[in-house]
Amino acid sequence: MTAMQQGLQRCDTCGLLSRPAPGEDEGRCPRCDEELVFRKPDSLQRTLAFLVAAAVCYIPANVLPVMTTVTASGRESDTIMQGVVLLWSPTGWPLSFIVLFASIMIPSAKILSLGYLLITVRRGSIENNTQRIRLYRMVDLIGRWSMVDVFVDTFTVALIQLQPLMSVEPAPGLFFFAAVVVLTMLAVESFDPRLIWDSASSKEIQPEVQYA
Amino acid sequence: MPDKNQSLPKVPESKVVPKKRTRLSLVWIIPIVAAVIGVWVAVTKIMSEGPKITIVFQSAEGLEAGKTKVQYNGLHVGTLTSIHLSADHHRVIATAQMDPKSEEFLVKDTKFWVVRPQISGMNITGLGTLISGDYIGVELGQSKESERNFTALDTAPLVAGGTLGRFFMLKTPELGSLSEGAPIYFRHLPAGQIVSYELDKSGEGLNVRVFVQAPYNQYVTPNTRFWHASGIDMSLSSAGLRLQTESLMSILAGGIAFETPATGPLLPPAEANTTFTLFNDRAEALRPPPRDPYTFRLVFKQSSVRGLEPGAPVEVGGVTIGEVTEVSPQFDMNTMEFSVPVTISVDPQRYGVRFLNVPGDEDATVRHRKVMDILVAHGLRAHLKTGNLLTGSLYVSVDLFPDALPATVDWAQNPAEMPTMPGKTEEIEKSVADLLKSLNQTLTNTDKLLGSANKLIEPNSVLDTELNNMLQEGGGAARSLRVLADYLERHPEALIRGKTGEAK
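It should be emphasised that the depicted structure is a prediction, and the values quoted were computed from it without experimental measurement.

The next point concerns the overall build of chain A. Counting its regular elements, chain A contains 7 helices and 8 strands. Within chain A, counting contacts between residues at least 6 apart in sequence, those at least 24 apart form 63% of the total. Surface summary for chain A: the accessible area is close to 11900 Å², and the carbon and sulfur share equals 64%.

With that out of the way, let us pick up the interface of chain B and chain A. Between chain B and chain A, the residue contacts involve 18 residues of the former and 18 residues of the latter. With both sides pooled, the region where chain B packs onto chain A buries about 1600 Å², and carbon together with sulfur makes up 72% of that total. Our count for the chain B to chain A interface comes out at 0 salt bridges. The tally of links from chain B across to chain A stands at 1 residue pair in polar contact (both at pLDDT 80 or more). Among the elements of the structure, helix 2 (29-48) and helix 3 (129-132) of chain B are those that each provide at least two residues to the side of chain B that touches chain A. Across the side of chain B that touches chain A, the residue classes tally to 10 nonpolar, 3 polar and 5 charged.

Here we come to the sheet that holds strand 27 (residues 416-418) of chain B. Residues and elements named next belong to chain B. Pairing is mixed across the open sheet formed by 7 strands, whose spatial order is 25-26-20-21-24-19-27. Sheet topology places strand 25 (380-388) and strand 27 at the edges, where each strand pairs with a single neighbour. Recorded for the sheet is a direction-independent mean angle of 35° between the axes of neighbouring strands. Taken together, the 3 bridges between strand 19 (residues 294-299) and strand 27 define a ladder with parallel strand orientation. Pairing of Arg 297 across the sheet is with Glu 417, part of strand 27.

The next subject is the packing of aromatic side chains. Residues and elements named next belong to chain B. By the definition in use, this model includes 9 aromatic pairs over all chains. Both rings, one in Phe 186 and one in Tyr 219, keep their centres 5.0 Å apart while their planes meet at 5°; by these two values the pair is stacked. Placement of Phe 186 in strand 11 (residues 183-186) and of Tyr 219 in the loop between strand 13 (206-213) and strand 14 (225-228) is noted, with a sequence separation of 33 residues between them. Ring-pair connections join several aromatic residues into one group, and the members of that group are Phe 168, Phe 186, Tyr 219, Phe 226, Phe 258 and Phe 276. Positioned above the aromatic ring of Phe 167, the side-chain terminus of Arg 209 is 4.3 Å from the ring centre.

Okay, the packing of helix 1 (residues 43-63) of chain A against helix 6 (residues 172-190) of chain A next. Residues and elements named next belong to chain A. With their axes 8 Å apart at the nearest point, helix 1 and helix 6 run at an angle of 165° to one another. Judged by the angle between their axes, helix 1 and helix 6 are roughly antiparallel. When you trace helix 1 past helix 6, the crossing you get is left-handed. Packed against helix 1, whose contacting residues are Ser 43, Arg 46, Thr 47, Phe 50, Leu 51, Ala 53, Ala 54, Cys 57, Tyr 58, Pro 60 and Ala 61, the element helix 6 presents Gly 173, Phe 176, Phe 177, Ala 179, Val 180, Leu 183, Thr 184, Leu 186, Ala 187 and Ser 190 at the interface. The residue inventory of the contact of helix 1 with helix 6, partitioned by class, reads 15 nonpolar, 5 polar and 1 charged.

This brings us to the environment of Thr 68 of chain B. Residues and elements named next belong to chain B. One can find Thr 68 in the loop between strand 1 (52-57) and strand 2 (69-72). Sequence separation between Thr 68 and Thr 79 is 11 residues; the distance between their C-alpha atoms is 5.9 Å. Setting aside its immediate chain neighbours within four residues, Thr 68 contacts Gly 62, Leu 63, Thr 79, Leu 80, Asp 134, Tyr 135 and Ile 136. Separated by 2.7 Å, the side chain of Thr 68 and the backbone nitrogen of Glu 64 make a polar contact.

What follows covers the nonpolar core. Leu 114 and Phe 191 of chain A are the most contacted members of the largest nonpolar core, which has 43 residues in total. Looking at this core, the elements that each hand over two or more residues are helix 1, helix 2 (80-87), helix 3 (93-122), helix 4 (129-142), helix 5 (147-159), helix 6 and helix 7 (194-204) of chain A together with helix 2 of chain B.

Residue and element names in this part refer to chain B. With mixed pairing, the 7 strands of this closed barrel are ordered in space as 10-13-12-11-17-14-18. In this sheet, adjacent strand axes meet at a mean angle of 35° when their direction is disregarded. In the sheet, strand 10 (residues 165-172) pairs with strand 13 via 8 bridges, with the strands oriented antiparallel. Counterpart to Met 169 in the pairing with strand 13 is Arg 209.

Attention now moves to helix 2 of chain A. Each full turn of the α-helix corresponds to 3.6 residues, which orients residues three or four apart in the same direction. Residue and element names in this part refer to chain A. Within helix 2 the residues assigned to the buried category are Ile 80, Gly 83 and Val 84. Down the axis, helix 2 shows its buried residues gathered within 100° of arc, on one side only. Among the exposed residues of helix 2, those oriented more than 90 degrees off its buried face are Val 85 and Leu 86.

This part is about the state of the cysteines. Residues and elements named next belong to chain A. For the coordinates displayed, the defined rule picks out 0 disulfides over all chains. Cys 11 forms no disulfide, and the closest cysteine sulfur to it belongs to Cys 32, at a distance of 3.3 Å. Look at Cys 11 and you get buried, because its relative accessible area is 0%. No disulfide involves Cys 29; its sulfur sits 3.5 Å from the nearest other cysteine sulfur, which is in Cys 14.

This brings us to the side chain of Thr 224 of chain B. Residue and element names in this part refer to chain B. Among the secondary structure elements, Thr 224 is positioned in the loop between strand 13 and strand 14. Taking the relative accessible area as the measure of exposure, Thr 224 reaches 3% and is therefore buried. A distance of 2.7 Å separates a polar atom in the side chain of Thr 224 from the backbone nitrogen of Thr 221. At 2.7 Å, the side chain of Thr 224 forms a polar contact with the side chain of Thr 260. Setting aside chain neighbours within four positions, we find Thr 224 in contact with Tyr 219, Phe 258, Glu 259, Thr 260 and Phe 276.

Residue and element names in this part refer to chain A. Closest axis-to-axis distance for the helix 1/helix 3 pair is 10 Å, and the angle between their directions is 150°. One finds that helix 1 runs roughly antiparallel with respect to helix 3. Note that helix 1 runs across helix 3; the crossing there is left-handed. Within the contact between the two elements, helix 1 uses Leu 44, Thr 47, Leu 48, Leu 51, Ala 54, Ala 55, Tyr 58 and Asn 62 and helix 3 uses Ile 104, Pro 107, Ser 108, Ile 111, Leu 114, Gly 115, Leu 118, Val 121 and Arg 122. Considered class by class, the residues forming the contact of helix 1 with helix 3 number 12 nonpolar, 4 polar and 1 charged.

Residues and elements named next belong to chain B. Inspection of every chain in the model, using the stated rule, returns 6 salt bridges over all chains. Residue Asp 399 pairs with Lys 385 through a salt bridge whose shortest N-O separation is 4.0 Å. Taken together, the residues span a long stretch of sequence, with Asp 399 in strand 26 (residues 393-400) and Lys 385 in strand 25 at a distance of 14 residues. The exposure class assigned to Asp 399 is buried, which follows from its relative accessible area of 19%. Through salt bridges with shared partners, one network takes in Lys 108, Glu 145 and Glu 147.

Quick look at the confidence of the model for chain B now. Residue and element names in this part refer to chain B. Averaged over all residues, the pLDDT of chain B equals 80, while 86% of them reach at least 70. Here helix 1 (residues 2-7) is the element of chain B with the lowest mean pLDDT, 54, and helix 8 (residues 462-490) is the one with the highest, 89. With a pTM of 0.49, the predicted complex shows an ipTM of 0.72.

In this section: the confidence of the model for chain A. Counting all residues, the mean pLDDT for chain A is 80, and 89% of those residues have values of 70 or more. Throughout residues 205-212 of chain A the model reports pLDDT below 50, and contacts reaching past four residues in sequence, or to other chains, amount to 9 contacts.

Residue and element names in this part refer to chain B. The residue after Ala 214, namely Pro 215, is reached through a cis peptide bond having omega 5°. Topologically, Pro 215 is positioned in the loop between strand 13 and strand 14. The phi torsion at His 188 lies on the positive side, around 70°, for a residue other than glycine. Tracing the sequence through the fold places His 188 in the loop between strand 11 and strand 12 (189-199).

Reading the values: the criteria
- Residues numbered from 1 in each chain as written.
- Chains lettered and ligands numbered in written order.
- Predicted model: local features only at pLDDT ≥ 70, side-chain atom pairs only at ≥ 80, totals over all residues.
- Heavy atoms only, no water.
- Helix = DSSP H or I, 4+ residues; strand = E, 2+ residues; numbered from the N terminus.
- Contact = heavy atoms within 4.5 Å.
- Areas by Shrake-Rupley, 256 points an atom, 1.4 Å probe, with all protein chains shown as cover.
- Buried area = accessible area lost by both parts, 1.4 Å probe.
- Salt bridge = Lys/Arg side-chain N within 4 Å of Asp/Glu carboxyl O.
- Polar contact = N/O pair within 3.5 Å; in protein donor to acceptor, adjacent residues only side chain to side chain.
- Nonpolar A, V, L, I, M, F, W, Y, C, P; charged D, E, K, R; others polar.
- Pairing = 2+ DSSP bridges.
- Axes fitted to C-alpha atoms, helices over the stretch in contact; angles between N-to-C directions.
- Phe/Tyr/Trp six-rings, centres within 6.5 Å; stacked < 30°, edge-to-face > 60°.
- Lys NZ or Arg CZ within 6 Å of the ring centre and 35° of its normal.
- Parallel < 35°, antiparallel > 145°, perpendicular 65-115°, else oblique.
- Left-handed = near helix turned anticlockwise from the far one by under 90°.
- Core = buried A, V, L, I, M, F, W, Y, C linked by side-chain atoms within 4.5 Å.
- Buried < 20%, exposed > 50% of the residue type's maximum accessible area, 1.4 Å probe, protein only.
- Arc of directions from axis to C-beta.
- Disulfide = S-S within 2.5 Å.
- pLDDT = per-residue confidence, 0-100.

Shown next as structure tokens:
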């Protein structure tokens, strides 16, 4: 049994349960004036849109260089993967691993996880609900940490300006990488985890339920 | 008309179906924008990529895929993307991603080479690569034919692309101490370099390709002479010892100098790739070209031509008018005579001899013969003279000997034979011989004299005995004189009175 099945809406901000005005789906919380919805509007569609945008940006983020090093020997542009390879050494492997983990594995894992969640919710799957909500929480939690790479890059650019010996410039790949991180975070934000449970509860009681 | 509805007994009620929300969310703009930007970036990236070329190298030393740059005059025009071995494992094939604007210079005669630090006899180049790593240099080609596969040069071309100047070809029988990169001097200023040299197809000489850089190339005219300025030019000739060198660098590395003779017409600069002769030294190079040469044969009978070499001058009154071209001994089986004819080439005009009052109405050859006949009739003779007592080198002098025996030029022979006179040396030799002969005579006489003198004074000879007697007589006389002197001392009056009895 869910609040929606009972025709009740719960305020996300103050937690007050209220009944929407007759004939209206949307209203405002009588206590805190927060917008009330049964489920986040267009949740699946918006999540999918952000996810597609993130996936599109993920390609140039990895193909284009993220950093250009200007030294006496000339300019040298490195992509994220080249950076990982460059850092890989008997002593530097942990650092290389962090970059690989934060910059390549986490964004791709996020995109794949959200895609999996979207598909299962769309198909009304009722299996592994607990696992899926855990996955969602994890994705939400680690999302912001992907920005580490962007921070490192911007710090490096700001700090290493030893003209004319050496300087570091941001390269276009960095902007795409930042876009991937932001877009995946937005996708997580627009996904309503309650949808995972909707199909489960609707299959129990109301098989033909229509959800947003 | 609501009443009508009620009159109808069983009308089904319309089904209320909640509106399906098929409206596309505005949020889809975001992936569309992302896709558009992504496609745009991809397109610009592809557009910004120039052609891919392959360069074949002998060795991959210093080359690194993804790092090694292709540079033209210090400007980045491409990067090596991969290096792999050729199918036969002898060479290295490198693939380079060029910049899009490099399209136009990727033509057939574009050259690539690896720039490495290099220290040669002349200069030190590519020091920058010690820090930056080796890079690939490019020299732009002029061809119109597009090309994508190149073979790298082993070494950097000596003349950087775009250097103003001109290439010329020099022909030389031997290279001497010249080498690639050896300098070319114009009035002791470095004006260019030897770019390359190769053996003539016939194998009889070398073609040396030189580059004369601007602004010196404008001083190379079709009349310009090039000569070896290598090392120290030391010559010991009848003119004495000569020591000449262009610069310290040319002593070490060899070199070529050029100059345009002041005499002669002022010509426009020579075209590129004009062929010149490379002379051995400056004197030879600057000697005026033959203008009106005549060859003569000289036969010096009963005299040695030792010290006479091809190239020795032929002089008239101390002025050079030609040179000895050949000294070739011959033996005549008929007359059983051995002679050394000397061939000379006489070209007075070349050496600046001016002819005054020349009758101009006849053919040059006829006139020449006529003049020679007259001169020989007046006693014109060739004779050998010693140019340098130290080295014993000879030269040919042509002078007038009014008392000479009559002779004519033998025009029938080719080359014509000019009458000769015994040279001064021969005269000296003769007089020395005479002198020696008389000296010998004198010595014999002296010997005889001494012999007879010896005879006179040998023991028991008449002279000896008589001499002894004479000496004894002399001794007696002296004794008597002493007695007399004693007596006179004691009795001076005896001089007046004569001997007295008292004295006894």
